[in-house]
Amino acid sequence: MKSYQKLTTAVLQPAACRVEEEGAAQMSAGRRKLAPWCVGSGLLVAAVLLSATTVWVLRQVSGGWPGPTLPPKCLLVPESHRFDCYPERHVVVTQELCESRGCCFIESLPLAGGKRGVPWCFYPPDFPSYTLDSLNQTALGMVGLLVRREKAYYPRDIEMLRLDVEFETDTRLHIKLTDAANPRYEVPLEVPRAMKRAENPIYTLDFSRDPFGVLLRRRATGTVLLNTTVAPLIFADQFLQIATSLPSRFLYGLGEHRGTLLHSLDWSTLTLWARDVSPTESFNLYGAHPFYLLMEEGGDAHGVFLLNSNAMEVALQPAPGLTWRTIGGVLDFYIFLGPDPNMVIQQYQQVIGFPAMPPLWALGFHLCRWGYGSSNETWQTVRAMRNYQIPQDAQWNDIDYMDGYRDFTFNPQKFASLPSLVEDLHKHGQYYVIILDPGISSTNPHGSYWPFDEGLKRGLFLNTTQGQPLIGQVWPGFTAFADFSNPDTHQWWLENLQHFHAHVPFDGLWIDMNEPSNFMDGSEDGCPPGELDSPPYTPAVLGDSLSAKTVCASAKQKASVHYNLHNLYGLMEAKATASALIQIRGKRPFVISRSTFPSQGRYSGHWLGDNRSQWKDMYYSIPGLLSFSLFGIPLVGADICGFSGSTSEELCTRWMQLGAFYPFARNHNTQNEKAQDPTVFSPAARTAMKNALLTRYSLLPFLYTLFHRAHLQGDTVARPLFFEFPWDVATLGLDRQFLWGRSLLVTPVLEPGVESVTGYVPRGVWYDFYTGSSVNSSGEMLKMSAPLEHLNLHVREGAILPTQKPGTTSEATRGNPLRLIVALSSNATAWGDLFWDDGESLDTFERGNYSYLVFNVTQNIFTSTVLHASTEATEVTIGTLSIFGVREPPSKVLLNGQEKPFSYLDNQVLTVSDLGLSLSQSFSLRWL
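Calculation rules
- Residues numbered from 1 in each chain as written.
- Predicted model: local features only at pLDDT ≥ 70, side-chain atom pairs only at ≥ 80, totals over all residues.
- Heavy atoms only, no water.
- Axes fitted to C-alpha atoms, helices over the stretch in contact; angles between N-to-C directions.
- Helix = DSSP H or I, 4+ residues; strand = E, 2+ residues; numbered from the N terminus.
- Parallel < 35°, antiparallel > 145°, perpendicular 65-115°, else oblique.
- Left-handed = near helix turned anticlockwise from the far one by under 90°.
- Contact = heavy atoms within 4.5 Å.
- Nonpolar A, V, L, I, M, F, W, Y, C, P; charged D, E, K, R; others polar.
- Phe/Tyr/Trp six-rings, centres within 6.5 Å; stacked < 30°, edge-to-face > 60°.
- Lys NZ or Arg CZ within 6 Å of the ring centre and 35° of its normal.
- 1 Å grid on protein atoms, 1.4 Å probe; cavity = no way out; pocket = protein on both sides within 12 Å on 5 of 7 lines; lining within 4 Å.
- Points joined across faces, edges and corners; volume = space filled by probe spheres on them.
- Buried < 20%, exposed > 50% of the residue type's maximum accessible area, 1.4 Å probe, protein only.
- Pairing = 2+ DSSP bridges.

Caption draft 1: Expanded view of the packing of helix H9 (residues 450-458) against helix H10 (residues 487-503). Put simply, H9 and H10 touch, their axes get as near as 11 Å, and they point 160 degrees apart. Viewed along their axes, H9 and H10 adopt a mutual orientation that is roughly antiparallel. The hand of the H9/H10 crossing is right-handed. From H9, Trp 450, Pro 451, Glu 454, Gly 455 and Arg 458 reach across to H10, where they touch Gln 491, Trp 492, Glu 495, Asn 496 and His 499. When its residues are assigned to classes, the contact of H9 with H10 shows three nonpolar, four polar and three charged.

Structure, rendered in C-alpha cells:
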C-alpha cells in the first residue's frame with residue numbers, strides 16, 4: 001500500500017531508499033531505479049493496533065457519520081494533518097462529491113465567522129500520486145522522470161513529469177517540475193545560472209520513490225525543512241498542487257495581503273492575484289509574491305520561492321503544513337538555506353535581483369493629494385511648507401492634473417501654471433512627481449490624441465481573442481491597455497513621456513492602477529467562454545472570477561496570454577518606466593508602483609495602496625512595509641495619515657512620526673476630505689510633525705547607506721526585530737516596532753489618547769537617540785514615555801550612526817556638517833559605515849564615483865578610515881562626535897594627537913564639537 005508520510009520531523013528513512021546529495025555524485029550515470037521507500041510503515045502498524053473500540057469511541061466523539069463505517073485509513077489522519085481534497089469555493093462538499101474524487105469524508109465543526117476550518121474532504125494516505133521512475137546524475141545535480149499511472153480529478157493530467165534538481169550553491173537549491181513531453185509557459189524572469197555544483201551544501205536531499213516526494217533537511221540540525229510526501233502531487237494543465245510539512249509555525253511573506261507580519265496557520269488561505277481593492281484583511285491585494293520565510297526552532301531560517309506568475313493560492317494549516325495551488329505554468333522552486341533570516345533574504349535577491357539605488361531625494365519627504373484642484377493650489381501648499389520651514393523634497397499631483405484624466409496631458413485651465421510650478425520646485429532644490437495609469441483613453445476623435453492613435457497603429461494594446469484592442473473602462477472612460485510585454489510598447493511609452501517632459505519636466509513617476517485595474521469585469525463585451533476565463537479551478541480570488549475588476553484572462557499579449565502574465569503587469573510597466581526615465585533625465589529613476597512581482601525592486605518602490613485614516617491602518621502599515629522588505633522592495637511606505645476618510649490631528653501627528661521612518665515617506669490624501677499636510681494643523685501638532693521630519697533628515701546619511709547595502713548585497717532597510725535577534729522567540733511575532741538596519745529601534749504610538757507606549761527592548765544596552773541615556777534590557781517589554789510630541793528611538797549598543805544637521809531639503813542637508821553618534825557596547829566597542837556619492841548619478845558604485853568610510857571604536861580610540869574616496873566627500877565636513885556610554889569622565893581628548901575641548905554629561909555622553917574634518921580624511925580621536 002502506498003502511504004503518505006504523516007507530518008513529523010523525525011522521518012523513517014531506510015538507507016536503501018536514500019538519495020543523498022553527497023552520495024549522489026557516485027551514482028552511475030545510467031538509469032537507476034530507487035528501492036521502494038516504505039514511508040507509511042508506521043501508519044500500517046498503527047492501523048493494526050487501532051481496535052474496533054477506538055473506532056467506536058472516535059465515532060461517538062464526532063457525533064457519528066452517515067453511511068458505512070469509514071475505512072481506518074481515514075480515521076488515522078489527525079485533523080490538523082488533513083490536506084484538502086476539495087478546495088473549491090462556493091460548493092457544498094457532500095460525501096458523494098468527495099468520494100467521487102477518491103477522498104475521505106468526515107464532517108467537522110466550522111470555524112467562527114464562517115471561515116473554512118478542518119477540511120471535510122481530505123486525501124487518504126494511499127491516494128494515487130506520481131512515482132519516481134528514474135533518476136540520473138547531471139553536472140549540476142540530477143534529472144528524473146515522474147510517472148502518474150492513475151489520473152487525478154482535474155482535466156488534462158500530465159502523465160510524465162521531468163524533475164530537475166540543481167545544487168546551485170551551498171545555501172541554494174533549485175528544484176523544478178515540468179511537463180516531460182511538451183513546453184509550458186514559464187515566467188520570463190532573468191535568473192542566475194549555476195556554473196558548477198555546490199561543493200559543501202548545508203542541506204541534504206532525499207526522495208521518496210512511490211509516492212514521489214522530496215525530503216530536504218538542514219545538515220547541521222537534521223531539521224526537516226520540506227517533506228512533500230504529506231499529500232499527493234497533482235500536475236494537470238490548469239491545476240498544479242504540491243504540499244509540504246513545515247518545521248515550525250513561524251511563517252512570513254506570501255504577499256500581498258493585509259494582516260499581521262506572522263501568518264496564522266489556522267486554516268488560512270492566501271491568494272496571489274493582483275487586484276485593485278482597498279487593503280482589507282483576507283483579500284488578494286495589488287501584488288503577488290510567492291515567497292515565504294520560515295523561522296525554525298533555535299533561530300535558523302530558510303526561504304522558499306515558487307517562480308510562477310499564474311493565479312495561485314497558498315493554504316496554511318496547523319499541522320504545520322502548507323499547500324501551493326496554481327493554475328498554470330510549472331513548479332519551479334528555489335530554496336534558500338540562510339541560515340539566518342538576513343542571509344535568506346540576501347540569497348533570495350541573488351536570484352530575483354538586488355534593488356536599484358534610489359536617488360537621495362527619494363528618501364526625503366513627499367507630499368501629495370488627490371483634489372488640490374489646480375496647480376496654484378498645489379503651489380500654495382508648497383509655499384506654506386517652505387514658510388514653516390518643514391522639510392519637503394518632492395511635490396506630487398494625482399490624476400486631477402490631467403485633461404479629462406488622459407495620460408500625457410495636463411488641464412489647460414486649472415493647471416495652466418504647472419510648468420512654472422515645476423520650475424520653481426527645481427529652483428528650490430525640490431522635485432516633481434506625476435501619476436500615470438496604463439489605461440489609454442480610446443474615445444477621442446481620430447488624430448486628436450497621439451498616445452492612442454499611435455499605440456493602435458503600432459499594435460501595442462492588449463487584444464481580445466478576436467484580435468481587436470480589448471476595451472475596458474478606467475478614469476478617462478473607455479480605455480485600451482498598453483501591452484508592456486511587448487518591447488515596442490517600451491519605445492512608445494518613452495516617446496509619450498519625452499513629449500510630455502518637454503512641457504512639464506517631471507522628475508519621478510507614480511504608476512497606479514497597474515494590476516491592471518478596470519472598472520468593468522473583463523471588457524465592455526465581457527469575456528468569451530473558455531478555459532482561460534473560466535478555468536477548471538479558480539483560486540479564492542476576490543470577486544470569484546479572474547476577470548473581476550481587471551481584463552479578461554484570455555486577452556492576448558505579445559509574450560503570452562494575460563492568464564499567464566496578469567501578475568507581471570505592474571513589473572513590466574515599472575521596467576518600461578524606469579528605462580524611460582533614465583533615457584529622459586540621465587539620472588537614477590524614481591518610480592513608485594502599486595502592483596508588484598518578484599524583482600520589482602530593480603525598477604521601482606511601492607506604496608501600500610489606498611488605506612484609510614484609521615488607527616488600525618496605521619498599525620497595519622508596519623507589517624506591510626516589513627513584508628516588502630522580505631520581498632526585495634526596500635523603498636516602501638504607506639500613505640501617511642491615511643488616504644480615504646478624514647484624519648484627526650492626533651492620528652496624523654502620530655502617523656507623521658511613524659511615517660518619518662517609512663523608507664519611502666509620503667503624506668497622501670483623497671479628494672473631498674479636509675487637508676492633512678503638516679501646515680494645516682495647530683502649532684503644537686505642526687511642530688511635532690516638523691520635528692519628526694527633521695529627525696528623519698538628520699538620519700539621511702545613515703538611511704542612504706542602508707539603501708546602498710540593500711543595492712549592493714540585498715540587506716533589508718526596515719527590518720523586523722527577529723532578523724537581529726532570531727534566537728529570541730519573543731521577537732518572532734513583533735510587528736508594532738521595527739529597526740532601521742541593525743541598530744535603530746523605532747517604537748511608535750499606535751493608539752489614541754495615550755501618553756506612553758509599551759515596546760519590546762531586546763537583550764543588551766540601548767541608548768535614547770535624543771539624549772544618549774542608556775537602558776540595559778534583559779529582553780523585556782518596557783513602558784516608555786510618549787507625549788504627543790515624542791517618538792521613541794533607541795540606538796543599539798555597538799553601532800555608529802552617521803547623521804547630519806538637517807535642512808529643509810535633502811540637497812540643503814547634504815552640505816551641512818556631519819555628526820557621528822557612537823553607541824558603545826558593554827565592552828566599549830562600536831562600528832559603523834557611511835556611503836557617500838552625488839546622490840543622483842547612475843551606477844556611482846559600479847563606476848567607482850563614491851566614498852566609503854568605516855568607523856570603529858576600540859580601547860577608547862575612535863577611528864575613521866576612508867576605504868574609497870571621491871570628490872564629493874571633500875565638500876563635506878565632520879563637525880561633531882557624540883559618544884554614548886563613556887563610563888568614566890575623560891581627562892582629555894586627543895584628535896590626531898592634538899588636544900580638543902569636549903563636554904561630558906552625567907548620563908555618560910561625551911561630545912566633541914567643531915571638529916571641522918573633511919570627510920575625505922581618515923582620522924583618530926582618543927579619550928583618556
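Caption draft 2: Representation of the packing of aromatic side chains in the model. Under the criterion given, the structure shown has 50 aromatic pairs. Both rings, one in Phe 862 and one in Phe 923, keep their centres 5.7 Å apart while their planes meet at 25 degrees; by these two values the pair is stacked. Taken together, the positions of Phe 862 in strand S43 (residues 861-868) and Phe 923 in strand S50 (residues 923-927) put the pair 61 residues apart, joining distant regions of the chain. Here Arg 101 stacks its cationic end above the ring of Tyr 86, 3.6 Å away from the centre of that ring. The positively charged end of Arg 666 is found above the aromatic ring belonging to Trp 510, 4.4 Å away from the centroid.

Caption draft 3: Summary view of the layout of surface pockets. Of the voids in this model, the largest pocket is the one considered here, and its volume is about 1,100 Å³. Lining the largest pocket we find 46 residues, and of these Thr 269, Leu 270, Glu 281, Ser 282 and Phe 283 sit closest to its centre. Counting only elements with at least two residues in the lining of the largest pocket, the list comes to strand S12 (250-255), strand S13 (268-272) and helix H13 (615-630). Grouping the amino acids of the lining of the largest pocket by side-chain chemistry returns 18 nonpolar, 19 polar and nine charged. Computed from the structure, the second largest pocket encloses a volume of approximately 550 Å³. Together, 29 residues line the second largest pocket, and Asp 84, Arg 116, Gly 117, Val 118 and Pro 119 are the ones closest to its centre. For the lining of the second largest pocket, the elements supplying multiple residues, two or more each, are S13, strand S16 (312-317) and strand S17 (321-326).

Caption draft 4: Broad picture of the environment of Ala 319. Examined against the element boundaries, Ala 319 turns out to sit in the loop between S16 and S17. Since its relative accessible area comes to 15%, Ala 319 is described here as buried. Along the backbone, Ala 319 and Leu 265 are 54 residues apart, and their C-alpha atoms lie at a distance of 8.3 Å.

Caption draft 5: A look at the pairing of S17. Among the six residues in S17, six count as buried, and that is most of the element. Neither face of S17 is left uncovered, since the one carrying Gly 321, Thr 323 and Arg 325 and the one carrying Leu 322, Trp 324 and Thr 326 both have all their residues buried. Direction of pairing for strand S11 (residues 239-245) relative to S17: antiparallel, over a ladder of six bridges. Among the inter-strand pairings, Thr 244 is bridged to a residue of S17, identified as Leu 322. The sheet contact formed by S16 and S17 spans six bridges and is antiparallel. Looking at S17, one finds that Glu 313 is bridged to Arg 325. Connecting the antiparallel pair S16 and S17 is a turn made up of three residues.

Geometric values such as these leave the question of function open.
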